[in-house]
Amino acid sequence: MRASNHLIGLVNFLTFLLSIPILGGGIWLSSRANNTDCLKFLQWPIIVIGALVMVVSLAGFAGACYRNTFLMWLYLFVMFFVVAALVGFIIFAYAVTDKGSGRPVMNRAYLDYYLQDYSGWLEERVADNSYWVKIASCVRDSKACGAKFGRFVNGVPETADMFYNRRLNPIESGCCKPPTECGYTYVNETIWTAGGGLVGTNPDCTRWSNDQSQLCFGCDSCKAGVLGSLKKSWRKVSVINIVALILLVIFYVIGCAAFRNNRRIDNDEPSGEARMTKAQPSRIHF
């Protein structure tokens, strides 16, 4: 087997290894979709891309090992579209999660989340009531505001000051407590009283309920919290995908060059080596 075939085989093997973190990122998003983020369609593009990279790289590896030109052509042809799809997914992921983040709150370690800070396709989908009913049910069933949300110190529930110094994740901040501006008084992590009266004009102030099955699952802040959680998840996976994309492009270029070299050798084409011609001795005339 020629050295270029060994190179193509190595490139395809490395591409196969690259498919593992891509596919793993999609599976991680899927687990988040089922347990926390609760949007169950966003992970499928990356899972499909990861699976395609894995299958196509195996086809290219087999083609290099058995010198099967069709499989190597198939690898190069399909991988071009896989790379294009990965580029499109990364751009899409950054575009739909570009806007929005938590707002700092005075004397609080956690951030508050507001739906108006987000915009675009993803925000419209989450805010849509037909989708939100399912998402809110998923957040409720995930027990994000359940027993694991409460904390005890030496067997005693944490105080208000302890809670205020916690770094809550977006869903805990948006769905498990009322917005800070509403002026509720802390009793425990999921029970708050109006105290001296509401001071905020935020509609979520009247949506909050101490009913543990309701809490702020109907609040705009909860929708914003879901969007904030999605943004964090997608950005983490996008970092992996960007690194994988750069390596995929490098491997693809190397694979194209090696395959072209194979074709040139198979066709007995000159590869640019220097050719020497014997000089004819000059005749001496007397």
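This is a predicted model, so every value here is computed, not measured.

### Some points on the nonpolar core
Argument step 1. The biggest cluster of nonpolar side chains holds 69 residues, and the ones touching the most others in it are Met79, Leu86, Ile135, Val139, Phe163, Val226 and Leu248.
Argument step 2. Among the elements of the structure, α1 (3–35), α2 (44–65), α3 (69–96), α4 (121–127), α5 (129–141), α6 (160–164), α7 (170–175) and α9 (220–266) are those that each provide at least two residues to this core.
Argument step 3. Looking at this core, the element that brings in the most residues is α9, giving 14 residues.
Argument step 4. Counting contributing residues, this core receives three or more from each of domain 1 (1–99 + 233–265) and domain 2 (103–226).

### Points about α5
Argument step 1. The end-to-end C-alpha distance of α5 is 18 Å, a good match for the 18 Å that 13 residues give at a rise of 1.5 Å each.
Argument step 2. Within α5, burial applies to Trp132, Ile135, Ala136, Cys138 and Val139. Down the axis of α5, the smallest arc covering the buried residues is 160 degrees, so these residues share one side. More than 90 degrees from the buried face of α5, the exposed residues found are Val133, Lys134 and Asp141.
Argument step 3. Where α5 terminates, the next one or two residues include Lys143, which has phi positive at roughly 60 degrees.

### Here's the deal with the packing of α2 against α3
Packed helix pairs are characterised by how far apart their axes lie and by the angle those axes make with each other.
Argument step 1. Packing of α2 against α3 leaves a shortest axis separation of 9 Å and a crossing angle of 160 degrees. Between α2 and α3, the interaxial angle falls into the category roughly antiparallel. Seen along the crossing, α2 lies across α3 with a hand that is left-handed. From α2, Pro45, Ile46, Ile49, Leu52, Val53, Val56, Ser57, Ala59, Gly60, Ala62, Gly63 and Ala64 reach across to α3, where they touch Leu71, Met72, Tyr75, Val78, Met79, Val82, Ala85, Leu86 and Phe89.
Argument step 2. Residue composition of the contact of α2 with α3, grouped by class: 18 nonpolar, 3 polar and no charged.

### Some thoughts on the environment of Trp73
Argument step 1. Among the secondary structure elements, Trp73 is positioned in helix α3.
Argument step 2. The spatial distance from the C-alpha of Trp73 to the C-alpha of Ala59 is 9.8 Å, given a sequence separation of 14 residues.

### With respect to unusual backbone geometry
Argument step 1. Unlike most non-glycine residues, Lys143 shows phi in positive territory, near 60 degrees.
Argument step 2. Within the secondary structure, Lys143 is located in the loop between α5 and β3 (152–153).
Argument step 3. On the accessibility criterion, Lys143 (55% relative accessible area) is exposed.
Argument step 4. Backbone geometry at Leu215 places phi at a positive 45 degrees, although glycine is not the residue there.

Conventions we followed
- Residues numbered from 1 in each chain as written.
- Predicted model: local features only at pLDDT ≥ 70, side-chain atom pairs only at ≥ 80, totals over all residues.
- Heavy atoms only, no water.
- Core = buried A, V, L, I, M, F, W, Y, C linked by side-chain atoms within 4.5 Å.
- Buried < 20%, exposed > 50% of the residue type's maximum accessible area, 1.4 Å probe, protein only.
- Helix = DSSP H or I, 4+ residues; strand = E, 2+ residues; numbered from the N terminus.
- Domains from an automatic or database assignment.
- Expected span 1.5 Å × (residues − 1).
- Arc of directions from axis to C-beta.
- Axes fitted to C-alpha atoms, helices over the stretch in contact; angles between N-to-C directions.
- Parallel < 35°, antiparallel > 145°, perpendicular 65-115°, else oblique.
- Left-handed = near helix turned anticlockwise from the far one by under 90°.
- Contact = heavy atoms within 4.5 Å.
- Nonpolar A, V, L, I, M, F, W, Y, C, P; charged D, E, K, R; others polar.

These values are about where atoms sit, not about what they do.
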